[in-house]
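These are the residues of each chain, in order.
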Amino acid sequence: MNSSATEDRQDIRGVLDRLYSAWADGDADAFAALYTEDATVVMPGVFNDGREEIRAYIAAGFAGPLKGSRPLDEPRRIRFPRPGTAVVVSEAAVLLAGESEVPADRRRRATWVLVRDAADGTWAITSYHNAPA
């Protein structure tokens, strides 16, 4: 399935929008479903290897410290190094319940890698990494 870079960018933003909707709903299953089965998440002090570890980690977060929180993520660049592969670099943070501003020490730079399924053309997250900004 061929599509234009503009359509691909819209589709990728759509994946991220659905991710944030799942976060807002506290829905770990819907959140994890946007990742490939073999996806990885790397953050300071965290390594999740596979969709199930990602689901379990975010479910624990939604039940605990992330309850009522809201992710802030602004994609700054989306590029396509190979057909069917996208890299998104964004500025990210989590606004915890009751906060009106994110402390500077919780601001992050994030890298997302998404791949397009050859069969149906849908995009999924295969890798996520963030580090202090």
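Structural data are supplied above this passage.
Please read these numbers as outputs of a predicted model, since none were measured by experiment.

1. Let's talk about the layout of surface pockets
Then step 1. Size it by volume and the largest pocket reaches roughly 630 Å³.
Then step 2. Around the largest pocket, the lining comprises 28 residues; the ones closest to its centre are W23, M43, V94, Y128 and N130.
Then step 3. Breaking the lining of the largest pocket down by element, the ones donating at least two residues are α1 (5–24), β1 (35–43), β2 (46–49), α3 (51–63), β3 (70–82), β4 (85–95), β5 (108–116) and β6 (123–132).
Then step 4. With 4 residues, α3 is the largest single contributor of residues to the lining of the largest pocket.
Then step 5. Split into classes, the residues belonging to the lining of the largest pocket amount to 22 nonpolar, 3 polar and 3 charged.

2. Remarks on the packing of aromatic side chains
Then step 1. Throughout the structure, instances matching the rule amount to 6 aromatic pairs.
Then step 2. Ring centres of W23 and F62 lie 5.6 Å apart, and the angle between their planes is 70 degrees; on these two criteria the pair is classed as edge-to-face. Taken as a pair, W23 in helix α1 and F62 in helix α3 lie far apart in primary sequence, 39 residues in all.
Then step 3. A relative accessible area of 11% means that W23 is categorised as buried.
Then step 4. What makes F62 buried here is its relative accessible area of 10%.

3. Observations concerning the sheet that holds β3
Then step 1. Here we have 6 strands laid out as an open sheet, ordered β2-β1-β6-β5-β4-β3, and mixed in their pairing. Lying at the two open borders of the sheet, with one neighbouring strand each, are β2 and β3. The sheet shows a mean angle of 15 degrees between the axes of neighbouring strands, taken without regard to direction.
Then step 2. Sheet analysis places β4 next to β5, joined by 8 bridges and oriented antiparallel. Each bridged residue has a counterpart across the sheet, and for V88 the counterpart in β5 is W112.
Then step 3. Seen against the sheet, α1 touches β1, β3, β4, β5 and β6 and runs at an angle of roughly 150 degrees to β3.
Then step 4. Contacts between α3 and the sheet are confined to β1 and β2, with β1 contributing the most and set at about 55 degrees to the helix.

4. Some points on the environment of D38
Then step 1. In this fold, D38 is placed in strand β1.
Then step 2. In this structure, D38 is in contact with G50 and T126, ignoring residues within four places of it in sequence.

5. Description of the nonpolar core
Then step 1. Formed by 29 residues in total, the largest nonpolar core has its most connected members in L19, F31, Y35, W112, L114 and Y128.
Then step 2. Where this core is concerned, the elements lending two or more residues are α1, α2 (28–32), β1, α3, β4, β5 and β6.
Then step 3. Among the elements that make up this core, the one with the highest residue count is α1 (7 residues).
Then step 4. Those residues in contact with Y35, other than ones at most four positions away along the chain, are L19, V41, R51, I54, W112, A124, I125 and Y128.

Conventions and cut-offs
- Residues numbered from 1 in each chain as written.
- Predicted model: local features only at pLDDT ≥ 70, side-chain atom pairs only at ≥ 80, totals over all residues.
- Heavy atoms only, no water.
- 1 Å grid on protein atoms, 1.4 Å probe; cavity = no way out; pocket = protein on both sides within 12 Å on 5 of 7 lines; lining within 4 Å.
- Points joined across faces, edges and corners; volume = space filled by probe spheres on them.
- Helix = DSSP H or I, 4+ residues; strand = E, 2+ residues; numbered from the N terminus.
- Nonpolar A, V, L, I, M, F, W, Y, C, P; charged D, E, K, R; others polar.
- Phe/Tyr/Trp six-rings, centres within 6.5 Å; stacked < 30°, edge-to-face > 60°.
- Buried < 20%, exposed > 50% of the residue type's maximum accessible area, 1.4 Å probe, protein only.
- Pairing = 2+ DSSP bridges.
- Axes fitted to C-alpha atoms, helices over the stretch in contact; angles between N-to-C directions.
- Contact = heavy atoms within 4.5 Å.
- Core = buried A, V, L, I, M, F, W, Y, C linked by side-chain atoms within 4.5 Å.

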